[in-house]
Amino acid sequence: ATLTDDAGLPVPGATVTFTPDAGSGSVSAASVTTNAQGRAQVTWTLGSVPGSMRLTVSATGATSQFANATATGDAIVVETGNNQSALAGTTLGTAV
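Asks: How should I be thinking about the nonpolar core in this particular structure?
Replies: Soluble globular proteins: nonpolar side chains tend toward being buried together. Formed by Leu3, Ala14, Val16, Phe18, Val27, Val32, Ala40, Leu55, Val57 and Ala59, the largest nonpolar core amounts to 10 residues. Counting only elements with at least two residues in this core, the list comes to β1 (15-20) and β5 (51-59). Counting residues per element, this core draws most heavily on β5, which supplies three residues. With residues up to four places along the chain from it excluded, the contact list for Val57 reads Ala1, Val16, Thr17, Phe18, Ser64 and Gln65.

Asks: Just to check I follow, could you spell out the pairing of β5 for this structure?
Replies: A regular strand places its side chains on the two faces of the sheet in alternate fashion. With five bridges joining them, β1 and β5 adopt antiparallel strand pairing. When the bridges of β5 are listed, Phe18 appears paired with Val57. Here seven bridges tie β5 to strand β6 (residues 65-71), and the two strands are oriented antiparallel to one another. Directly across from Ser52, in β6, lies its bridge partner Thr70.

Asks: What is the right way to look at the side chain of Thr56 in this model?
Replies: Position of Thr56 among the secondary structure elements: in strand β5. Given the relative accessible area of 17%, Thr56 is considered buried. With residues up to four places along the chain from it excluded, the contact list for Thr56 reads Thr17, Phe18, Thr19, Asp21, Ser64, Gln65 and Phe66.

Asks: What exactly am I supposed to notice about a nonpolar patch on the surface here?
Replies: A cluster of nonpolar side chains, contributed by Ile76, Val78, Leu92 and Val96, occupies part of the molecular surface with about 440 Å² of accessible area. Mapped onto the fold, Val96 is located in the segment after β6.

Asks: Any chance you could explain the pattern of salt bridges here in plain terms?
Replies: Where charged atoms from two side chains of opposite charge come close, those side chains can pair. Inspection of the entire model under this criterion finds one salt bridge. Note that Arg54 is salt-bridged to Asp21, the shortest N-O span being 3.2 Å. Of this pair, Arg54 sits in strand β5 while Asp21 is found in the loop between β1 and β2 (26-27), placing the two residues 33 residues apart along the sequence. A relative accessible area of 32% places Arg54 in the partly exposed class.

Asks: Which parts of the structure should I look at to understand the side chain of Ser24?
Replies: Here Ser24 shows up in the loop between β1 and β2. By relative accessible area, which is 3% here, Ser24 ends up buried. A polar side-chain atom of Ser24 sits 3.1 Å from the main-chain amide nitrogen of Arg54. Ignoring sequence-local partners within four residues, the contact set of Ser24 consists of Trp44, Thr45, Leu46, Gly47, Ser52, Met53 and Arg54.

The rules behind these values
- Residues numbered from 1 in each chain as written.
- Predicted model: local features only at pLDDT ≥ 70, side-chain atom pairs only at ≥ 80, totals over all residues.
- Heavy atoms only, no water.
- Core = buried A, V, L, I, M, F, W, Y, C linked by side-chain atoms within 4.5 Å.
- Buried < 20%, exposed > 50% of the residue type's maximum accessible area, 1.4 Å probe, protein only.
- Helix = DSSP H or I, 4+ residues; strand = E, 2+ residues; numbered from the N terminus.
- Contact = heavy atoms within 4.5 Å.
- Pairing = 2+ DSSP bridges.
- Patch = residues over 30% accessible without salt bridge, like charges linked within 9 Å, V, L, I, M, F, W, Y side chains within 5 Å.
- Areas by Shrake-Rupley, 256 points an atom, 1.4 Å probe, with all protein chains shown as cover.
- Salt bridge = Lys/Arg side-chain N within 4 Å of Asp/Glu carboxyl O.
- Polar contact = N/O pair within 3.5 Å; in protein donor to acceptor, adjacent residues only side chain to side chain.

Coordinates in, geometry out; function isn't part of it.
Here it is, written out as structure tokens:
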């Protein structure tokens, strides 16, 4: 996140707070002080249940912003045997 003032200049030394919504995981630090370029960043670990996640980023005197992410579940890839056809009640010719 980059914090700027009304003139668009970076704001160094300000505290930026990172708050995940309930179920949206955790961050490496709840608050970070901006550097000389007005930047503050954390690592976000998504929640354990697949779905939409949201992180609120805020600083005193600034409008809160939101980061959104989607946590996906385990992936299954069908490598063989896809798109087969056979008579009802019979075994397909290629294993899936």
